[in-house]
Amino acid sequence: QVIRREDYTAPAFLIETVELVFDLDREATTVTSRLSFKANPDRATGAGDQVVLDGEDMKLLSVAIDGTALAASDYQVDATSLKFNAPSDQFVVEIQTRISPVNNTRLEGLYVSQSAYCTQCEAEGFRRITYFQDRPDVMATYRVTINAPRDSCPVLLSNGNLVSSTDLDDGRHQAVWDDPFPKPCYLFALVAGDLACVEDSFNTMTGRDVALRIFVEHGNEDSCDYAMDSLKRAMKWDEDVYGLEYDLDLFNIVAVSDFNMGAMENKSLNVFNAKYILAKSDTATDTDFELIESIVAHEYFHNWSGNRVTCRDWFQLSLKEGLTVFRDQEFSSDERSRPVQRIKDVQRLRAGQFPEDGGPLAHPVRPDSYMEINNFYTATVYQKGAEVIRMMHTLLGTKGYRKGIDLYFERHDGQAVTCDDFVRAMEDANGVNFDQFRLWYSQSGTPNLVWNGEYDAKQQTYRLTIEQKTEPTPGQVIKSDLQMPIKIGLLGRDGDELLAQTIDLTLGKQEFLFEDIAQEPVVSFNRDFSAPVNVGTTPSHDDLAFLMGNDTDAFNRWEAGQKYASDLLINAVKAFGQSGNADEALGDVDAFCNALRATLTNDDLDKAFRAQAMILPGEAMLSEQLQPADPEAIYQVRQAMRRKIGLSLQDEFEAAYRNNASNDAYSPDATSAGQRALRSVALSYLAATGESVFVDLALEQYRTADNMTDRMTALMVLNDQDHPGRDEALADFESRFASNTVVIDKWFSLQAMSSRTDTLAQVKKLMDHPAFTMRNPNKVRALVGAFAMANQRNFHVADGSGYRFYADRLMELDDLNPQVAARLAAPLGKWRKFDEGRAAKMKAELNRILAKENLSRDLYEIASKSVAE
Ligand code: ARG
Ligand code: ZN
């Protein structure tokens, strides 16, 4: 069943207040709700007076309207709804339901994680708690009463303010919470359990004190400092940069180990996947610290971009997600290195969103239809959505963007609105017309840009011609030309910047003429990745090396290196097909190595940046540029290139390794992290030379590491080796962290990502490890997911055994948690990228999934779209 955006109609009834009473029990929780209904003055004509409420997987105990119980003949219940007739324009409905949190393996609605009860309602989980109009444009104030045993649930939390805490009989107690801000039901949350709490406070810009609490399992109290610090910095940043202040007197975060996604922005009660809260120097890597900072900020920022102003319907998801991702990216840029942050954000877009946009699951930032909305929490809605906001920021400038933001929040506070409303606020505040720009919301596919330059020495002019083209995507054959800001620079051979400008591309083919250009320039195109496009033009190797060393735009310095490396690697993969010899296929790469050397040894550059600049495009990224892609050839050629670089820059890498050792206590700040990153890159290239002394060095680093970053770096090097040190380090890691459920996932992932040819056998064996369970999404993602998503060589072994194993796991998971199963299914949909043999095997697995009994709507949608020719 397909839901379409064009079919939207306003709800016939509004629900203005919700009172909920939970009598918590693991097997049988009773939920009593009291809902005050009012006919919607904006209802579609002829909407009738039948009330239709959503509800799934629960037992209806009773329904009453205005105090009178309904007889069974007065209502209809089926597997997904409850229907009855409205008595008038305003009435109160009381509903009692029974649900079973402990049997809730889907982790949507109310479920049990370890010993605690928690909820996840976005997108449509509230209907698994009680019957309701489960849609974001129905906004109500909530009063929530929680009754639970005092011993097992000393902590009782919901949204808003705590109104009262009372002891009841039988060892039970009660808490009442009241949230004064009207909200859609997807922002409802409840948590109850025996949790430890870490406390702090924040003084807002108007001088109010907000109590900040992070709840974790006992024993983890010492792992919350960084999350708390990130929260306070995010609150301050939102005041400084957006003028947005927090609006309640308390803000709670709860970390749970069983969670479908990263985190959830429930009003004043954010619930997090524990891996994005818990961090200490010996358990979390620099990357983990970075992620924690950005996700804590992301969820906090949703308080305005998502909660105070929410989505009218789920097609508008990017209204809150694209905007909030842009906000968290900018926060991280301000807290850390801006160019390095931009590089990482673009890498993520290219790795996750570009393949989606070019594959069977392509959809616009604002989708037109879906079967299961949970399948649309995608890189397109999030990451491309953020790029669209970023382009508006670029087109309007910081001040103009802020004017638009101010108008947006002023106009729409307390409302459920659309992406179009957001763009209109930007237009109205700035007196601009974004009619063409709006196409970014409706058109899927990544535009391809090709540029051409012509220098006229006599006239001293430079003529730049740009063409754009977007290939057809499933269901959307005709593409229009988009408006986009392209930042460019023209550089003189001496490194002087002759011109830097943002041009406004609107046509399919467009010419720009620059005057007073004294010499033939080198072009730096799409600086800072100002538009989320592919650029088909590859400058000469000389120009790329020049840009690597001289571009005044740091992003494009990195980009030039990536382009140069891609060009060498792609050509070598093609040549490898004939010779079967990776070294020969690569040929002479000295010029490239020299350009890398100049970057590595340039002490004017940030170390984090230099580390990034040394890393070659990944195997998956190279696959995207080949048709068909040969995973084994790509692996061999990339390894050979790494070896050549390691040998050529051995002295410099040895120096970098020595000079970046630190005697100071670990600190997660960006500068220290950059130093560790550079040292890690050095170690990894030294090991790539094949000299066993460097593998010994990695083992030494593993043994003496005093922080998780250094430990993991060493382990990653060892992980691909045939060396007794590998077994030693893996065994040590296992025993050291056996009891830490967040950290042991790193150990599972690492082994799943090993390039060794025994990896699939190891993964199968690890499924029997006592710490592994298919019921915990983090475990599944760490072991099974990492194998398919981050181990191209082994997932795609030619005999198809990787595909078969994976499809079996997806089907097994589908019975427990369809949402997570569907999210993991995309790798099998990449069959078009590969040779006929692999493609046939991948399709066969998709068809096997489609033939499964009781296949969920979630997995059906992904598998059926993926298999379509
Ligand atoms: N709104 C959350 C966030 O981006 C993600 C929740 C996703 N939930 C889901 N069921 N798909 O911060
Ligand atoms: Zn979000």
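Residues numbered from 1 in each chain as written. Chains lettered and ligands numbered in written order. Predicted model: local features only at pLDDT ≥ 70, side-chain atom pairs only at ≥ 80, totals over all residues.

The chain carries the name Aminopeptidase N in an unreviewed UniProt entry, which gives Thalassospira mesophila as its organism. Under the UniProt heading Cofactor (unreviewed entry), the entry covering the chain gives this text: "Zn(2+)". Taken from UniProt, the Function (unreviewed entry) comment for the chain reads in full: "Aminopeptidase N is involved in the degradation of intracellular peptides generated by protein breakdown during normal growth as well as in response to nutrient starvation." (UniProt positions renumbered as here; feature names shortened; annotations may be inferred.)

Turning to the sheet that holds strand S28 (residues 497-505), a few remarks are in order. In space, the 3 strands of this open sheet follow the order S28-S27-S30, with antiparallel pairing throughout. Lying at the two open borders of the sheet, with one neighbouring strand each, are S28 and strand S30 (522-525). Between one strand axis and the next, the sheet turns by 20 degrees as a mean value, whatever way the strands run. Examined bridge by bridge, strand S27 (residues 484-491) and S30 share 4 bridges and lie antiparallel to one another. The residue bridging Leu491 from the neighbouring strand is Val522, located in S30. (Pairing = 2+ DSSP bridges. Helix = DSSP H or I, 4+ residues; strand = E, 2+ residues; numbered from the N terminus. Axes fitted to C-alpha atoms, helices over the stretch in contact; angles between N-to-C directions.)

This next bit is on the pairing of strand S11 (residues 116-120). Extensive coverage of S11 is indicated by the burial of 5 of its 5 residues. Burial along S11 is two-sided: the residues Ala116, Cys118 and Gln120 and Tyr117 and Thr119 are all buried. Here strand S10 (residues 109-113) pairs with S11 via 5 bridges, running antiparallel. Opposite Leu110, over in S11, you have Thr119 as the bridge partner. Relative to strand S16 (residues 190-193), S11 runs antiparallel, the two being bridged by 2 bridges. Its bridge partner lying in S16, Tyr117 is registered against Ala192. (Buried ≥ 20, exposed ≤ 12 C-beta atoms within 10 Å, placed from the backbone.)

At their nearest, the axes of helix H20 (residues 741-752) and helix H22 (residues 777-789) sit 7 Å apart, and the two run at 10 degrees to each other. With respect to each other, H20 and H22 are oriented roughly parallel. The chirality of how H20 crosses H22 is right-handed. The residues of H22 that touch H20, namely those facing Asp745, Phe748, Ser749 and Ala752, are Asn778, Lys779, Ala782, Leu783, Ala786 and Phe787. Taken together, the residues of the contact of H20 with H22 sort by class into 6 nonpolar, 2 polar and 2 charged. (Parallel < 35°, antiparallel > 145°, perpendicular 65-115°, else oblique. Left-handed = near helix turned anticlockwise from the far one by under 90°. Contact = placed C-beta atoms within 7 Å. Nonpolar A, V, L, I, M, F, W, Y, C, P; charged D, E, K, R; others polar.)

Moving on to the sheet that holds strand S20 (residues 263-264). Pairing between the strands of a sheet comes from backbone hydrogen bonds, and it takes one of two forms, parallel or antiparallel. If you trace the 5 strands from one edge of the open sheet to the other, you get S17-S18-S19-S21-S20, paired in mixed fashion. Looking at strand neighbours, the two that pair on one side only are strand S17 (196-203) and S20, the edges of this open sheet. As paired strands, strand S18 (residues 209-216) and strand S19 (residues 250-256) are joined by 5 bridges and run parallel to one another. Counterpart to Arg213 in the pairing with S19 is Asn252.

On to the site of ligand 1. Neighbouring ligand 1 are Glu122, Ala123, Asn260, Met261, Ala263, Met264, Glu265, His298, Glu299, Glu321, Asn374 and Tyr377. Taken together, the residues of the shell around ligand 1 sort by class into 5 nonpolar, 3 polar and 4 charged. (Near = placed C-beta within 6 Å.)

Our next topic: helix H5 (residues 379-412). Between its first and last C-alpha, H5 extends only 26 Å over 34 residues, short of the 50 Å set by a 1.5 Å rise per residue. The largest bend in H5 comes to about 115 degrees, at Gly397. Positive phi appears at Gly414, one or two residues downstream of H5, with a value of about 85 degrees. (Expected span 1.5 Å × (residues − 1). Bend = angle between axes of the 7 residues up to and from the residue.)

Mapped onto the elements, Ala677 comes out in helix H16 (residues 670-688). Distance from Ala677 to Ala608, taken between C-alpha atoms, is 6.2 Å for residues 69 residues apart in sequence. Residue contacts for Ala677: discarding those within four places in its chain leaves Asp286, Lys607, Ala608 and Ala611.

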